[in-house]
Amino acid sequence: MRDLVYYVAVSIDGFIADPDGGFDAFLVEGDHATVVFGEYADALPGHAHAALGTTPPGTHFDTVIMGWNALTPALDMGITSPYPHLRQVVATRRPRDHDPAVTLTRDPVGTVRELKDMEGLDIWLCGGGELAGSLLPEIDRLVLKRNPIALGAGIPLFGHVPPAPVSFTSTGTRSFESGVVIEEYAVRP
């Protein structure tokens, strides 16, 4: 069975984006980039791989699930299939025009359960917060790129999900000179 892994950048006060959905405040450069561009290179979009002259390694993820708002920045840049090296699933509540390489779902929980039963690498939960909140009971692991900035407001890590505690165990922490701390957690059985 595959894991659903919420791999995401987050501020020290728990936001994955500013109030307008922007994430420019998060550090791209720094010594933590060895993890982002190396270990988790499967989570880089296709246009980033093209610019870097790299190939997705296919070591962590073969599927990505994201909310429509997480897809919007790529669409705004004219990129309709941002992760062509992954099976792309986008959760949305209404019909949308979309690239045939992207599968839409109105039932992200059911879709994730089906994906978990398939053979393959792990499933990357890309965002956003509301989707992560709705999928919280299905998340097996968290990989948080905690950035040294307090946004004060924005999109919370798990959206505005009603309280329903899910316990996780810390499985590792890596601190970098950039100030970024990568925190890893596994769901507690």
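These numbers were taken from a predicted model, which means no experiment stands behind them. (Residues numbered from 1 in each chain as written. Predicted model: local features only at pLDDT ≥ 70, side-chain atom pairs only at ≥ 80, totals over all residues. Heavy atoms only, no water.)

Things to note about helix α3 (residues 68-76)
- Residues Trp68, Leu71 and Ala74 constitute the buried set of α3. When α3 is viewed along its axis, its buried side chains cluster within an angular range of 105° and face the same direction. Exposed residues pointing more than 90 degrees away from the buried face of α3 are listed as Asn69 and Asp76. (Buried < 20%, exposed > 50% of the residue type's maximum accessible area, 1.4 Å probe, protein only. Helix = DSSP H or I, 4+ residues; strand = E, 2+ residues; numbered from the N terminus. Arc of directions from axis to C-beta.)

Comments concerning helix α4 (residues 108-117)
- Taken together, the buried positions of α4 are occupied by Pro108, Gly110, Thr111, Val112, Leu115 and Lys116.
- Contacts made by the buried residues of α4 are with β1 (4-11), β3 (61-67), β4 (87-91), β5 (102-105), β6 (122-127) and α5 (129-135). (Contact = heavy atoms within 4.5 Å.)

A look at the pattern of salt bridges
- Summed over all chains, the structure comprises nine salt bridges.
- Note that Asp122 is salt-bridged to Arg141, the shortest N-O span being 2.5 Å. Here Asp122, found in strand β6, pairs with Arg141, found in strand β7 (residues 141-147); they are 19 residues apart in sequence, far enough to count as distant.
- Between Arg146 and Glu183 there is a salt bridge, with the nearest N and O atoms lying 3.2 Å from each other. A residue pair is termed long-range when its members are at least 10 positions apart, and Arg146 in strand β7 and Glu183 in strand β10 (residues 181-187) qualify at 37 residues.
- One network of salt bridges, in which partners are shared, links Arg113, Lys116, Glu138 and Asp140. (Salt bridge = Lys/Arg side-chain N within 4 Å of Asp/Glu carboxyl O.)

What to know about unusual backbone geometry
- With omega at 5°, the peptide bond leading from Gly127 into Gly128 counts as cis.
- In this fold, Gly128 is placed in the loop between β6 and α5.

Considering the environment of Trp124
- Topologically, Trp124 is positioned in strand β6.
- Since its relative accessible area comes to 4%, Trp124 is described here as buried.
- When the C-alpha positions of Trp124 and Leu86 are compared, they lie 9.5 Å apart, and in sequence the two are 38 residues distant.
- Ignoring anything within four residues of it in the chain, the contact list for Trp124 reads Val5, Tyr7, Ala43, Phe61, Thr63, Val64, Ile65, Tyr83 and Leu86.
- Of the polar contacts made by the side chain of Trp124, one reaches the backbone oxygen of Tyr7; its length is 2.9 Å. (Polar contact = N/O pair within 3.5 Å; in protein donor to acceptor, adjacent residues only side chain to side chain.)

Topic: the packing of aromatic side chains
- Within this structure, the stated rule accounts for seven aromatic pairs.
- Positioned above the aromatic ring of Tyr7 is the side chain of Lys145, whose terminal nitrogen or guanidinium carbon lies 4.2 Å from the ring centre. (Phe/Tyr/Trp six-rings, centres within 6.5 Å; stacked < 30°, edge-to-face > 60°. Lys NZ or Arg CZ within 6 Å of the ring centre and 35° of its normal.)

Some words on the nonpolar core
- Of all hydrophobic cores here, the largest spans 24 residues; its most connected members are Tyr7, Phe61, Val64, Met66, Tyr83 and Trp124.
- For this core, the secondary structure elements donating two or more residues are β1, α1 (33-39), β3, α3 and β6.
- For this core, the leading source of residues is β3, giving three residues.
- Ignoring sequence-local partners within four residues, the contact set of Phe61 consists of Val5, Tyr7, Tyr40, Asp42, Ala43, Leu86, Leu121, Asp122, Ile123 and Trp124.
- Within the second largest apolar cluster, 22 residues are counted, among which are Leu4, Val89, Leu115 and Leu142. (Core = buried A, V, L, I, M, F, W, Y, C linked by side-chain atoms within 4.5 Å.)

Note that every value here comes from positions in space, so none of it alone points to a role or purpose.
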